[in-house]
Amino acid sequence: MEKRTVLAIALSFLVIFFWSKFVYKPEQPQMRSSGSVISSEPRQERITPVTAPLLASETEQVVTAYTIPGAVIEVSEPDAAIKQAVFDKYKKNKYILNNGLYLADPAVKFDQKISVNDGFSYIYEDTAKRITKTLISTNSHYVMELEIKITNLSSSSLQQDIPIILGRFDLEKKNGADQRFDDIIVSDQSKISHPSFKKPATFQDIKFIGMRDQYFCAIIQPESTGYSGFVNKVSDKVFDIGIASDRISIQPGSEIIQRFKIYLGPQDIDALSKANPSWGAIVYFGMFDIVAQVILGLLKFLFTIVKNWGVAIILLSIAIYLILFPLSIKQMKSMKELQVLQPKMEQLRKQYGDNQKKLNEEMMKLYKEHKVNPLGGCLPMVLQIPIFISLYQVLSRSIALKGAKFLWIKDLSEPDRLFKLPFEIPFIGEYFNILPILMAIGMFIQQKMSSANATGQAAEQQKMMVIIFPIMFGVMFYNVPSGLVMYWFLNSTLMLLYQIKVMRSK
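Residues numbered from 1 in each chain as written. Predicted model: local features only at pLDDT ≥ 70, side-chain atom pairs only at ≥ 80, totals over all residues. Heavy atoms only, no water.

Enquirer: I tried to follow the sheet that holds strand E19 (residues 238-244) on my own but got confused; where do I start?
Expert: As a general point, the strands of a sheet are linked pairwise by backbone hydrogen bonds and lie either parallel or antiparallel. Strand order in the open sheet formed by five strands is E6-E12-E19-E18-E15, with antiparallel pairing between adjacent strands. Among the strands making up the open sheet, the edge pair consists of strand E6 (102-103) and strand E15 (201-203). Here E6 runs beside strand E12 (residues 164-170); their pairing, made up of two bridges, is antiparallel. Paired with Leu103 across the bridge in E12 is Ile164. (Pairing = 2+ DSSP bridges. Helix = DSSP H or I, 4+ residues; strand = E, 2+ residues; numbered from the N terminus.)

Enquirer: Help me out: how do you make sense of helix H5 (residues 289-306) in this one?
Expert: Three or four residues apart is the spacing at which side chains of an α-helix point the same way, because the helix has 3.6 residues per turn. The terminal C-alpha atoms of H5, which comprises 18 residues, lie 25 Å apart, in line with the 26 Å expected from a rise of 1.5 Å per residue. For H5, the complete set of buried residues consists of Asp289, Ala292, Ile295, Leu296, Leu299, Lys300 and Leu302. Buried residues along H5 cover an arc of 170° about the axis, so they all sit on one side. Away from the buried face of H5 by more than 90 degrees, exposed residues Ile290 and Ile305 are located. Of the residues one or two after H5, Lys307 is the one with positive phi, at around 60°. (Expected span 1.5 Å × (residues − 1). Buried < 20%, exposed > 50% of the residue type's maximum accessible area, 1.4 Å probe, protein only. Arc of directions from axis to C-beta.)

Enquirer: Any chance you could explain empty space enclosed by the protein here in plain terms?
Expert: Space left empty within the atom packing is revealed by a probe, the size of a water molecule, rolled over the atoms. In this structure the tally under the stated criterion is four cavities of 30 Å³ or more. Of the voids in this model, the largest cavity is the one considered here, and its volume is about 70 Å³. Residue lining of the largest cavity: Arg212, Gln267, Asp268, Ile269, Val283, Phe285, Leu296, Lys300, Arg397, Ser398, Ile399 and Ala400, and that is the complete set. Residues belonging to the lining of the largest cavity are distributed by class as follows: six nonpolar, two polar and four charged. (1 Å grid on protein atoms, 1.4 Å probe; cavity = no way out; pocket = protein on both sides within 12 Å on 5 of 7 lines; lining within 4 Å. Points joined across faces, edges and corners; volume = space filled by probe spheres on them. Nonpolar A, V, L, I, M, F, W, Y, C, P; charged D, E, K, R; others polar.)

Enquirer: What is the right way to look at the sheet that holds strand E5 (residues 93-100) in this model?
Expert: The sheet built from four strands is open, its strands ordered E2-E3-E4-E5 with antiparallel pairing. The strands lining the two open edges of the sheet, one partner per strand, are strand E2 (62-68) and E5. Neighbouring strand axes in the sheet, compared pairwise and without regard to direction, differ in orientation by 20° on average. Across five bridges, strand E4 (residues 81-87) lies against E5 in antiparallel orientation. The residue of E5 that forms the bridge with Phe87 is Asn93. (Axes fitted to C-alpha atoms, helices over the stretch in contact; angles between N-to-C directions.)

Enquirer: Teacher, can you tell me more about the packing of aromatic side chains here?
Expert: The description of an aromatic ring pair rests on the distance of the ring centres and on the angle between the ring planes. All told, the structure shown has 19 aromatic pairs when counted by the stated rule. Residues Tyr142 and Tyr263 carry aromatic rings whose centres are separated by 6.2 Å and whose planes lie at 70° to one another, so their mutual orientation is edge-to-face. Of the two residues, Tyr142 sits in the loop between strand E9 (129-140) and strand E10 (143-152) while Tyr263 sits in strand E21 (residues 255-266), which places them 121 residues apart along the sequence. Looking at Tyr142, the relative accessible area reads 18%, which means it is buried. For Tyr263, a relative accessible area of 0% corresponds to the buried category. (Phe/Tyr/Trp six-rings, centres within 6.5 Å; stacked < 30°, edge-to-face > 60°.)

Enquirer: Could you clarify how one ought to interpret the pairing of E9 in this entry?
Expert: Side-chain positions along a regular strand alternate between the two faces of the sheet. With seven bridges joining them, strand E8 (residues 119-125) and E9 adopt antiparallel strand pairing. Residue pairing for E9: Gly119 is matched across the bridge by Ile136. Here E8 folds back onto E9 in antiparallel fashion, the turn holding three residues. Sheet topology places E9 next to E10; 10 bridges connect them, and they run antiparallel. Paired with Ile136 across the strands is Glu145, a residue of E10. Taken together, E9 and the strand that follows it, E10, pair antiparallel across an intervening segment of two residues, in which His141 is found at a positive phi of about 55°.

Enquirer: Got a minute to help me understand the environment of Gly119 in this structure?
Expert: With respect to the element layout, Gly119 can be found in strand E8. When the C-alpha atoms of Gly119 and Val72 are compared, they prove to be 9.9 Å apart, with 47 residues separating the residues in sequence. Setting aside residues no more than four positions away along its own chain, Gly119 makes contact with Tyr66, Ile68, Leu135 and Ile136. (Contact = heavy atoms within 4.5 Å.)

Enquirer: It is not clear to me how the nonpolar core should be interpreted in this structure. Could you clarify?
Expert: One recurring pattern in soluble globular proteins is that nonpolar side chains are buried together. Ile220 and Leu299 are the most contacted members of the largest nonpolar core, which totals 106 residues. Take this core: its biggest share by element is eight residues, from helix H9 (residues 379-397). Core analysis: the second largest hydrophobic core is formed by seven residues, Leu348, Tyr352, Met363 and Tyr367 among them. (Core = buried A, V, L, I, M, F, W, Y, C linked by side-chain atoms within 4.5 Å.)

Enquirer: Honestly, the confidence of the model for the protein in this entry has me stumped. Any pointers?
Expert: Low-pLDDT stretches of the model should not have their predicted coordinates read in fine detail. Across the protein, pLDDT averages 79, with 79% of residues at or above 70. Contacts of residues 1-8 to residues separated by more than four positions or lying in other chains number 25 contacts, the stretch itself having pLDDT below 50. Low pLDDT, under 50, characterises residues 13-59; the stretch is placed with 116 contacts to residues that sit more than four places away or in other chains. (pLDDT = per-residue confidence, 0-100.)

Enquirer: Got a minute to help me understand the pattern of salt bridges in this structure?
Expert: Side chains that carry opposite charge are capable of pairing whenever their charged atoms lie near each other. Under the defined criterion, the tally for this structure stands at 15 salt bridges. Of the charged contacts, one joins Arg259 and Glu147 as a salt bridge, the two residues approaching to 3.3 Å between their closest N and O atoms. Of this pair, Arg259 sits in strand E21 while Glu147 sits in strand E10; the two residues are 112 residues apart in sequence, bridging distant segments of the chain. For the residue pair Arg259 and Glu147, the accessibility class agrees, reading buried in each case. For the salt bridge of Glu414 with Arg417, the shortest nitrogen-to-oxygen distance reads 3.7 Å. We classify Arg417 as partly exposed; its relative accessible area is 38%. Within the structure, one salt-bridge network assembled from shared partners comprises Lys402, Asp411, Glu414 and Arg417. (Salt bridge = Lys/Arg side-chain N within 4 Å of Asp/Glu carboxyl O.)

The structure is reproduced here in structure tokens:
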């Protein structure tokens, strides 16, 4: 492997770990706009008689579990806020909302709950108003219906404005590795964006707003217009995401009904798009999103044929290798031409070593005279970088690949973990991962072969690379998803086999 290629991949790997600093750029907050949220459309009631008239205490937090199709929702009472959702289909993985669908009024403590098919309903009442909060599953693609009904019980006009918290990012309870997956999506009347959730902001006249972690997401979309989305900073590491309407006037004896569509489920683009085509935009892979979407689509297509994600990754590796093969041949040809010129280049270094400008001029004359382009082999490297980063994102974020097994690998989105070590090794951990070691060995052989014909100063440099780069890459790749290491190992092995064939044919 050429030195430039190795350095470029090393740099791209470092970019992955600082992804959040380079990808998600905060956008300029917008001012809220006015709009009506009063809805009087008839709704088919699915509520059965009251089964629990009172909760234990207004100050006591009780968690009640409600089973809906595909998930179990745990609700914190008396706030009637979703604490978390547990998904049976995905090995009981949890999506923690902390404060999901919470009505942001500390005075509102729901004191009655009603039995509802595939959902829940809670009631709060004081001398001025009654608030009924109902959440019902639609039995379709993790979509639910939220209804907030506010009735004026007083003899005077009631001014009402209760923001709805979709969920909370609590970074105090997450390590840095998990925090990089947190993100929000905002859709207004003209665009869809992914602003920072770490700065207070208000977003004007939204269609919907959503939040996500590594594998799951929540979206809220009002059925009427005139809503604003917001990010509220609770503390240095705690942020609420939600929506709000302008203040509403409710006449005595009247009521208003606010209705919302809710998605609470996996970041599966098929499920999201079936529920609402616009919601699929929450599945976002950053800078190389288009490339990552193509790779994910190809992997899903290959999976439908071979029924194994590991085999699908192998076929993807072979396909990419064949596509880039003509460019790889050009890269090897360029490397061979440069090796032929090594003695002359070494002579120029000795002659003009103290004059860098003159050395560069003479080098360029030498390249031009022999019609050699020193950058002629860089294109495969340039194309591999977005593929490499995109595959990392797909393996890290795709719920479809979570828990996918292949041979001894229990999860392609995690290191291969052949067996557990009796002790923990710094920078390595407590597991023995065989794939990064095999990759490092393959890189050592490839570097050794590439440096065989080097002379002079170049030979000394490449002797160091033969040792340093395999070790460096072995450590860097040691705890990344095994599917990514498998892709790179297979691609490098195919290149190595072709390189051996070329050398034997001389």
